[in-house]
Amino acid sequence: MAMSLMEMIKFVIFRAVTGFCFLIFRLFAPQRSHLVGKKVPPVSDPLLLMSAKQLAGKIRRREVTSVEVVQAYIDRIQEVNPLLNAVVKDRFDAALQEAAQADKLIEEETDGEEVLEDRLPLLGVPLSVKESYAVQGMPYTGGLVARKDIVATVDAPPVAWLKRAGAIPIGVTNTPQLCMWGESHNHLYGITNNPYDLSRTPGGSSGGEGSILGGAGSVIGIGSDIAGSIRMPSFFNGIFGHKTTPGVVTSEHQYPPSTGRQEEYVSNGPMCRYAEDLLPVLKIMAGPNAHMLDLDNKVDLKTLRFFTIPHDSGAPLVYPVSQELIDIQKKVVERLEEDLGVKVEEVHFPELRYSVQMWNTYMGLPDNDGKAPEPFNVILGEPGPPVRPLWEMVKWFVGRSNHTFASICLALQEMTNSKASPFIIEQKETLQKKLEELVGTDGVFLYPTHPRVAPITHHPLFRPLDFAYTGVINVLGLPVTQCPLGLNEDGLPLGVQVVAGKLQDRLTLEVALYLEQAFGGWKEPIAN
């Protein structure tokens, strides 16, 4: 669809402004050219190449001890984290003590392996956690320098439930400031790198999780997602990530808290290297709400209806999907049709051109009580006064700001937000109705996760709206699984989103299992 004159003017202005900002940033930011093409070392311990489900089984059968497994992951983190800066605080000593307790429990168990599996399905398995979740005794800062001394006094419910299932937290991982940017960078912990190319971003806001998982320093982790914060890091780091239907996994004891209508669009879910771990981890994270997803109901892929949406119909301020990602999505279509005997229908929705505007509009709406979301500059300044973005930008140029360039730009951008557009609300409601009618309770559709593979660090500053492909799924409230699809010629992960109707999470999780088998799932970062 051709751009209108007004869209063309906005496009030119947008490119000019972002280009100028990026140029200024490059002049003042440290250079990272020495990291180009460098990857994490290869995996040497076979324990690191097993799923959590496999590890739990081996631990229960006493084929390996939990102490051995946890120590293997500690060793791997100590090997790769100096390169990645993904784990910002470890609890290695406590984890080894808990692993020893798990081994003792297994030795004393008299009711048999099946009973133990039912009670403690993840007994002895290490777990990494996004720092925005409260983990008792661990930092709970949201990446803010002003919160550097804040330590969680309780566990967030999903963390508590995973611990009750036997999982052992080994550390918390990096995020952007307040989890509101597509790169994991803050002035408290620094910047996180991508294991497949250290000069590239692991994404955000669950970028530390994506990085340590993709680098084989963890096997299962948990993230949160309000605009793609699980799916972009999962895509950039070659792992599986699931954004659950909103309202199923609680957001209690996360920082920053969701305000206004945002609680309707934020989701929490598992991030895993192996697809078979997604469902059991999600089932535990959902706690008393797990029944809402009917996860025990088996799915026959041959009875599903499949659709593919190759792009967003040409949004003027979002970059087009790269050819390699269009091609890999086509290969998924071909494999589905060949292996399952299904017909994958290609569909297009012109409303997707307004994905960014939809996300911006709905993130700013008040809740049912009329309370508006907390302004970004207010949260950024807590526990002190609100941040003054223009003054903070001046401080940044002379190296005196506690906030990142991206956060300051977001605060500046928020100052220019206009009132909700009836046209955009109409477009969203139309798209919602069309997609819900399309997938119903037995359909899924494929959609690009991002317009390109993992970008060079800081390059998202020049393409800040490329989150549109994930963000629109948030405001639609649909469950979605990001699935890895191998590596490109440069050794960088490829992937695709699989989306279903509300509460039909089990459909996308089943497709993830199929795609792992068809395309190989997570691939270890290996030098070309």
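Above this text is the structure in question.
Residues numbered from 1 in each chain as written. Predicted model: local features only at pLDDT ≥ 70, side-chain atom pairs only at ≥ 80, totals over all residues. Heavy atoms only, no water.

(A) Focus on helix α15 (residues 422-439). In this model, α15 (18 residues) spans 26 Å end to end at C-alpha, consistent with the 26 Å of a helix rising 1.5 Å per residue. Within α15, the full set of buried residues consists of I424, Q427, K428, L431, Q432, L435, L438 and V439. Mapping the buried residues of α15 onto a view down its axis gives an arc of 135 degrees, with all of them on the same face. When the buried face of α15 is taken as reference, the exposed residues oriented beyond 90 degrees from it are P422, K433 and E437. Packed against the buried residues of α15 are β9 (305-308), α11 (355-363), β11 (443-447), α16 (468-476) and β13 (493-500). Downstream of α15 by one or two residues, G440 has phi in the positive range, about 50 degrees. (Helix = DSSP H or I, 4+ residues; strand = E, 2+ residues; numbered from the N terminus. Expected span 1.5 Å × (residues − 1). Buried < 20%, exposed > 50% of the residue type's maximum accessible area, 1.4 Å probe, protein only. Arc of directions from axis to C-beta. Contact = heavy atoms within 4.5 Å.)

(B) Geometry of the sheet that holds strand β10 (residues 344-346). Here we have eleven strands laid out as an open sheet, ordered β1-β3-β2-β6-β8-β7-β12-β13-β11-β9-β10, and mixed in their pairing. Because the sheet does not close on itself, it has two edges, and the strands there are β1 (87-90) and β10. With strand direction ignored, the average angle separating the axes of adjacent strands in the sheet is 25 degrees. In this structure, β9 lies alongside β10, joined through three bridges in parallel fashion. What sits directly across from F306, in β10, is V344. (Pairing = 2+ DSSP bridges. Axes fitted to C-alpha atoms, helices over the stretch in contact; angles between N-to-C directions.)

(C) Quick look at the nonpolar core. By size, the foremost hydrophobic cluster in this structure holds 155 residues, and its most contacted members are L162, I220, F306, L336, F445, V472 and L515. Other than its neighbours up to four places away in sequence, I220 contacts A52, L122, V125, P126, L127, S128, L213, M271, C272, D277 and V281. Residues W181, M393, W396 and F405 belong to the second largest nonpolar core, which totals seven residues. (Core = buried A, V, L, I, M, F, W, Y, C linked by side-chain atoms within 4.5 Å.)

(D) Spatial organisation of the pattern of salt bridges. One pass over the full model with this rule turns up 22 salt bridges. For E98, the salt bridge identified is with R91, shortest N-O distance 2.7 Å. Overall, the relative accessible area of 24% leaves E98 in the partly exposed class. Of the charged contacts, one joins E109 and R119 as a salt bridge, the two residues approaching to 3.3 Å between their closest N and O atoms. Linking E109 in the loop between α4 (92-108) and α5 (113-119) with R119 in helix α5, this pair joins segments that are ten residues apart in sequence. Exposure remark for E109: the relative accessible area of 17% places this residue in the buried category. For R119, a relative accessible area of 42% corresponds to the partly exposed category. (Salt bridge = Lys/Arg side-chain N within 4 Å of Asp/Glu carboxyl O.)

(E) Geometry of the packing of helix α3 (residues 66-84) against α4. For the pair α3 and α4, the least separation of the axes is 8 Å and the interaxial angle reads 160 degrees. Relative to α4, the element α3 is oriented roughly antiparallel. Our pair here, α3 against α4, has a crossing hand that is right-handed. Of the residues in α4, those touching α3 at S66, V67, V70, Q71, I74, I77 and Q78 are F92, A95, L96, A99, A100, A102 and D103. The class makeup of the residues in the contact of α3 with α4 is ten nonpolar, three polar and one charged. (Parallel < 35°, antiparallel > 145°, perpendicular 65-115°, else oblique. Left-handed = near helix turned anticlockwise from the far one by under 90°. Nonpolar A, V, L, I, M, F, W, Y, C, P; charged D, E, K, R; others polar.)

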